[in-house]
Amino acid sequence: MSDEQESLVKARKIFERISEVFSEQDITPSPLNYQVWYEYFKGDKPQFRQEMDAILNDPFGYNDRTGRRLFDAHLKDEKPSSNLDRVFKRLLDAMVKKMSAWTDKLASQNQQLDDYALRLSEPNLDPEKLKALTDSILHTTRDLRHNSQDVQHDLVQASLEIQTLREQLIEARAESMQDELTELGNRKAFNIRLEELAEEFAEQPDQLHLILIDIDHFKSFNDRFGHLVGDSVLRYFANLLRNKQRPKNVLCRYGGEEFAIIMNDSSLEQAQDCAEKLRTALKQAKLKRRGTNEVLPEITASFGIAQYRAGEQLDNFVARADEMLYKAKQTGRDQVITEFDTPAS
């Protein structure tokens, strides 16, 4: 057996073991858990395996929280889904090879049947030879049927495995593009979509706008009320973004308390209007602390807007929006500033 075939066999066995464990221990079959357990069963990370063994020997065992911690500590910096991608390719290769082998065997057996047919047409064929030929034809036909059934079963199984892995790959890629706290796009999603849209609007650069947003005084808010309350505010603002946007707008958590909106097929006035509505809605929000109903202080945000310029580097595009955001914060906060504005002194 070749190294590649051994890898495929090992991969199939690992996925079978994962499915059994998930069923027995009622583990969420998420892409993250799938990758953690894949790495565990693959066993080529001794420190990771040792820590996983300790968790499994603990009375509380494995759960989604420990899975996230293990992923962040040992697997986060790896290329997303690289292991699943390799397994997926191996399964496809195995399926193609199986079909190729079946085709070769089918061609060989068809040739045998053609030879038998020619021999049956020979004149003066005695009964003994006729019986031998008939037996050979029946044997080849049975063999052909059995092989066909075996190959069909194997192909169905391989197709099911491939479909499952494909769905998991799609989910894993989607998860790798999503901010866990706010469920908006993350920085990776921002970079990818900005590059795509810059190319799409290369001939209409004035229709592409970037809004960078920073929640004002968020660090001091976190220090005063704690990170759990701070996280609730970030989720609230993320929901504001979702509720007040066109479907085509790209919404991302840029980092920390910073957010980004990529507005495409829009005018500068529309970008300003979008930012202003968000600023007003956040400022007017009456948020309460869960459990105590304590009314939280007014929360505001600053906005910087840049318009794309044909052919410019995307880093420069982002830097211009960031500069407008900086001006908004330096000149009083709780305002929207574009490159075409004169900030209030």
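Look up a bit, the structure's there.
Residues numbered from 1 in each chain as written. Predicted model: local features only at pLDDT ≥ 70, side-chain atom pairs only at ≥ 80, totals over all residues. Heavy atoms only, no water.

(A) The packing of helix 9 (residues 227–243) against helix 10 (residues 268–284), seen in detail. The geometry of helix 9 relative to helix 10 is characterised by a closest axis approach of 11 Å and an angle of 140° between their N-to-C directions. Judged on the interaxial angle alone, helix 10 and helix 9 are oblique. Helix 10 is crossed by helix 9, and the crossing has right-handed handedness. Note on element contacts: helix 10 touches helix 9 through Leu278, Ala281 and Leu282, opposite Tyr236, Phe237, Leu240 and Leu241. Taken together, the residues of the contact of helix 9 with helix 10 break down into 7 nonpolar, no polar and no charged. (Axes fitted to C-alpha atoms, helices over the stretch in contact; angles between N-to-C directions. Helix = DSSP H or I, 4+ residues; strand = E, 2+ residues; numbered from the N terminus. Parallel < 35°, antiparallel > 145°, perpendicular 65-115°, else oblique. Left-handed = near helix turned anticlockwise from the far one by under 90°. Contact = heavy atoms within 4.5 Å. Nonpolar A, V, L, I, M, F, W, Y, C, P; charged D, E, K, R; others polar.)

(B) A look at the side chain of glutamate 312. Relative to the helices and strands, glutamate 312 resides in the loop between strand 4 (301–307) and helix 11 (314–330). Relative accessible area serves as the criterion here: at 12%, glutamate 312 is assigned to the buried category. Within the structure, glutamate 312 has its side chain in polar contact with the side chain of asparagine 316 (distance 2.6 Å). Residue contacts for glutamate 312: discarding those within four places in its chain leaves Gln307, Phe317 and Arg320. (Buried < 20%, exposed > 50% of the residue type's maximum accessible area, 1.4 Å probe, protein only. Polar contact = N/O pair within 3.5 Å; in protein donor to acceptor, adjacent residues only side chain to side chain.)

(C) Spotlight on the environment of alanine 73. Here alanine 73 shows up in helix 4 (residues 64–75). What makes alanine 73 exposed here is its relative accessible area of 54%. As a C-alpha pair, alanine 73 and phenylalanine 48 span 25 residues in sequence and 8.8 Å in three-dimensional space.

(D) Fine view of the environment of arginine 235. Here arginine 235 lies in helix 9. On the basis of relative accessible area, arginine 235 is assigned to the partly exposed category, the value being 35%. Distance from arginine 235 to leucine 184, taken between C-alpha atoms, is 9.4 Å for residues 51 residues apart in sequence.

(E) The pairing of strand 3 (residues 258–264), seen in detail. Among the 7 residues in strand 3, 6 count as buried, and that is most of the element. Pairing geometry for strand 1 (residues 208–215) and strand 3, over 7 bridges, is antiparallel. Along strand 3, the bridge assignment pairs leucine 208 with asparagine 264. Taken together, the 5 bridges between strand 2 (residues 250–255) and strand 3 define a ladder with antiparallel strand orientation. Its bridge partner being in strand 3, arginine 253 is matched across the sheet by phenylalanine 259. Remark: 2 residues form the turn of the hairpin made by strand 2 and strand 3, two consecutive strands paired antiparallel; glycine 256 in that turn has positive phi of roughly 60°. (Pairing = 2+ DSSP bridges.)

(F) The arrangement of the pattern of salt bridges in detail. Applying the stated criterion to the full structure yields 18 salt bridges. Between arginine 279 and aspartate 334 there is a salt bridge, with its nearest N and O atoms 3.0 Å apart. A residue pair is termed long-range when its members are at least 10 positions apart, and arginine 279 in helix 10 and aspartate 334 in the loop between helix 11 and strand 5 (336–338) qualify at 55 residues. Ionic pairing is found between lysine 283 and aspartate 334, a salt bridge with its closest N-O pair at 2.8 Å. Residue lysine 283 is found in helix 10, and its partner aspartate 334 is found in the loop between helix 11 and strand 5; the two are separated by 51 residues along the sequence. A residue is classified by how much of its surface remains accessible, and lysine 283, at 31% relative accessible area, is partly exposed. (Salt bridge = Lys/Arg side-chain N within 4 Å of Asp/Glu carboxyl O.)

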